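Summary of structural features
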Amino acid sequence: MPTVIDLFEKARTHERVEQLQAAREHDLLPYFRLLEGPAGPVVEMEGAERVMLGSNNYLGLTGDQRVKDAAREALEKYGTALTGSRLLNGTIPLHQELEREIADWMGTGDALAFTTGYQANVGCLSTLLEPGDTVICDSGDHASIMDGVAMSRARIRPFRHNRLDKLEQMLERAAGDGGGVLVVVDGVYSMEGDVCDLPPIVELCRMHGARLMVDEAHGVGVLGARGAGACEAFGLEDEVDLRMGTFSKSLASCGGFIAGPADVIDFLRIQSRAFLFTAAAVPAAVGAALAAVRICRSPEGPELFARVLDNARYLNRGLHELGFTVVDPTRLADGTELFTSVVPVVVGDDWQAVIFWKALYDAGVYTNVALYPAVPRGRALLRTSVMATHERGHLDRALEIFRNVGREASLIS
């Protein structure tokens, strides 16, 4: 008889078991920490007040009274849930208003709202791509992109992060693959906060007849005069075929969208399994997202975008001056520095990064820890991010704690 392998054995013997056990024993686990109040610039976490530098609430709109009122009104009108898919009983007028607002904001023919940002990427890619097609991905692309590509069973040709010479090689090879070709990149890469170099990517896609999709999850509500993301910041909105975005970051809710040509969006509307076979978002989430989009599109929007980027610049330079290794902002061809809301501090060693995180946490600053495989081996970092609602006093307090803890940990002198 063949030996029976216990399916659960991998759960007991994986490579992180000992690390997790040690982290839990010493209260060093940086994940699943309890937030005990609103997600503002300063939060209550596990019984203490901490400066929040680990949130994607970039515009601070989760606490905006207009957004909360819109969520409350949707809750009162439609109840707690729609209990069905958009295809059947789950579409309400708020969905249609939200999709029209997004399409107008992005300047596209149409838009489709998904229940989560993850589903937006998975649902789009697994539907548009099929066996025989080729998808070319940056190695730094979000996990939801990789999962959608895997589900499509298209040929995958990855290229090393930001290596445009490698992208060109992949496009040349894809010419002989026989199917359609799609290049997928992030507008802003979520861990290191670097901005994709879109102009040459657009040119390469045009030269090789490939379609281009940009994940704007961390760009929408931050970059561009209208806050429409990296594509707008580079003036390339009309040159990008599909754009994805989320409601769970700048837009103070939960969900995601795909914006693009009306016929492609309509195809997704009737073909995407991640859209058709999941429950519609709860009405409060849809109402909140719609209110946040309208704030971004109002005269107040540019003020919020400027404020969050000004805070990012202040924190980045402050950490640099203290002596930390901080990921530099993207520098454009004309020398302009393009900041994003993400300000990462590179530590290097995984365990040292976790210990540094815990010391900051105990001193009153919450950050995110990014370890392999979220970042390359040997490049563990603390991912800090700012909000438009951070005041200088919040950031100065955080910088003082970084200085004190960094000296104690011998990370700076």
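Our subject is the structure that appears above.
A few points on the structure. Keep in mind that what you see is a predicted model, and the values were worked out from it rather than measured.

All right, on to the overall build of the chain then. Across its full length, the chain holds 15 helices and 16 strands. Computed over C-alpha atoms, the radius of gyration of the chain comes to 22 Å, within 12% of the 22 Å expected from 2.2 N^0.38 for 413 residues, which places it in the range of a compact globule. The principal-axis extent of the C-alpha atoms belonging to the chain is close to 60 × 60 × 60 Å. With 413 residues in all, the chain has 53% of them scored as buried.

Moving on, we come to the sheet that holds strand S15 (residues 368-370). Taken together, the four strands give an open sheet; going across it, the order is S10-S13-S16-S15, and neighbouring strands pair in antiparallel fashion. Each edge of the open sheet is held by one strand with a lone partner, namely strand S10 (325-326) and S15. Here helix H14 (residues 350-363) sits on the sheet in contact with strand S13 (342-348), S15 and strand S16 (380-385), set at roughly 35° to S16.

What follows concerns the state of the cysteines. Evaluated as defined, the whole model comprises zero disulfides. Left without a disulfide partner, Cys137 is nearest to the cysteine sulfur of Cys205, which lies 12 Å away. Summary of cysteine pairing: Cys296 is not part of a disulfide, and the nearest cysteine sulfur, belonging to Cys231, is at 16 Å. Accessibility expressed as a relative area gives 3% for Cys296, which makes it buried.

Before going further, it helps to spend a moment on the nonpolar core. Among the nonpolar cores identified, the biggest contains 108 residues, and Val183, Val185, Leu198 and Leu212 are the most heavily contacted of them. Ranked by residue count, the leading element in this core is helix H12 (residues 283-296), at nine residues. If we ignore the near neighbours within four places in the chain, the residues touching Val185 are Asp138, Asp141, Phe159, Cys196, Leu198, Ile201, Leu212, Met213, Val214 and Asp215. By size, the runner-up hydrophobic cluster in this structure holds 22 residues, among which are Leu112, Leu182, Met213 and Met244.

The next subject is the packing of aromatic side chains. Under the counting rule described, the total for this entry stands at eight aromatic pairs. Taking 5.6 Å as the distance between ring centres and 85° as the angle between the ring planes, the aromatic pair formed by Phe324 and Phe402 counts as edge-to-face. You can see Phe324 sitting in the loop between helix H13 (300-322) and S10 and its partner Phe402 sitting in helix H15 (residues 392-408), a full 78 residues away along the chain. Across the pair, Phe402 and Phe324 agree in class, each one buried. Members of the aromatic cluster, connected to one another through ring pairs, are Phe324, Phe356 and Phe402. When the ring centre of Tyr361 is taken as reference, the NZ or CZ atom of Arg50 above it lies at 3.7 Å. Taking NZ or CZ as reference, Arg392 lies 4.0 Å from the ring centre of Tyr314, over its face.

Basis of the calculations
Residues numbered from 1 in each chain as written. Predicted model: local features only at pLDDT ≥ 70, side-chain atom pairs only at ≥ 80, totals over all residues. Heavy atoms only, no water. Helix = DSSP H or I, 4+ residues; strand = E, 2+ residues; numbered from the N terminus. Rg over C-alpha atoms; globule rule 2.2 N^0.38 Å. Buried < 20%, exposed > 50% of the residue type's maximum accessible area, 1.4 Å probe, protein only. Pairing = 2+ DSSP bridges. Contact = heavy atoms within 4.5 Å. Axes fitted to C-alpha atoms, helices over the stretch in contact; angles between N-to-C directions. Disulfide = S-S within 2.5 Å. Core = buried A, V, L, I, M, F, W, Y, C linked by side-chain atoms within 4.5 Å. Phe/Tyr/Trp six-rings, centres within 6.5 Å; stacked < 30°, edge-to-face > 60°. Lys NZ or Arg CZ within 6 Å of the ring centre and 35° of its normal.

By themselves, these are just geometric observations and shouldn't be taken as functional.
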